[in-house]
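Each chain is listed here by its residues.
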Amino acid sequence: MSDETPSGTQTDTSGDELAAIKAQLADTAKTVLAGVPDHLRGLIPVSLSPADQIAWFNQAKATGAFDKPVVLPTDGGAKPAITPRATDTTSMPVYARLAAGYSK
């Protein structure tokens, strides 16, 4: 029976490991939730454990709640050039041809 270890030492070691795993999980949750935009951080439930927060974030991300909308590139604000068409006066009625002549 000399191979047995005292139960107090076993509990201390597993308690230290548990605390280290909890700290690592909390750091992982902080890293995962760092990708949430600032204006949406209020949506994250603080009352959940770090593991539940990660699971909640993954479910919310799957719905597209944290995705930015795609903004199409613009042309830089330049207006397109509009060129007037040349009117065919042969198909116009007489009064329209006379009116077109007055503007010239």
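First things first, this report covers the structure right here in the doc. (Residues numbered from 1 in each chain as written. Predicted model: local features only at pLDDT ≥ 70, side-chain atom pairs only at ≥ 80, totals over all residues. Heavy atoms only, no water.)

What follows deals with the overall build of the chain. When helices and strands are counted, the chain shows three helices and zero strands. Mapped in sequence order, the helices and strands of the chain form the string α-α-α. Summarising the internal contacts of the chain: among those between residues at least 6 apart in sequence, 41% fall at separations of at least 24. Accessible area of the chain: about 9100 Å², with a carbon and sulfur share of 60%. (Helix = DSSP H or I, 4+ residues; strand = E, 2+ residues; numbered from the N terminus. Contact = heavy atoms within 4.5 Å. Areas by Shrake-Rupley, 256 points an atom, 1.4 Å probe, with all protein chains shown as cover.)

Turning next to helix α2 (residues 50–63). For α2, built from 14 residues, the straight-helix expectation of 20 Å at 1.5 Å per residue is met to within 8% by its first-to-last C-alpha distance of 20 Å. Three or more residues of α2 are buried, namely Gln53, Ile54, Phe57 and Ala60. Projection of α2 onto a plane perpendicular to its axis shows the buried side chains occupying an angular sector of 130°, all on one side. Of the exposed residues in α2, the ones pointing more than 90 degrees away from its buried face are Gln59, Ala62 and Thr63. Gly64 sits one or two positions beyond α2 and adopts a positive phi of about 90°. (Expected span 1.5 Å × (residues − 1). Buried < 20%, exposed > 50% of the residue type's maximum accessible area, 1.4 Å probe, protein only. Arc of directions from axis to C-beta.)

Turning next to the pattern of salt bridges. Tallying each qualifying case throughout the model produces one salt bridge. Note that Arg41 is salt-bridged to Asp38, the shortest N-O span being 3.2 Å. Classification of Arg41 by relative accessible area gives partly exposed; the value is 36%. Assessed through its relative accessible area of 66%, Asp38 is described here as exposed. (Salt bridge = Lys/Arg side-chain N within 4 Å of Asp/Glu carboxyl O.)

Attention now goes to a nonpolar patch on the surface. Residues Val94, Leu98 and Tyr102 make up a contiguous nonpolar surface patch of about 370 Å² in total accessible area. Since its relative accessible area comes to 53%, Val94 is described here as exposed. (Patch = residues over 30% accessible without salt bridge, like charges linked within 9 Å, V, L, I, M, F, W, Y side chains within 5 Å.)

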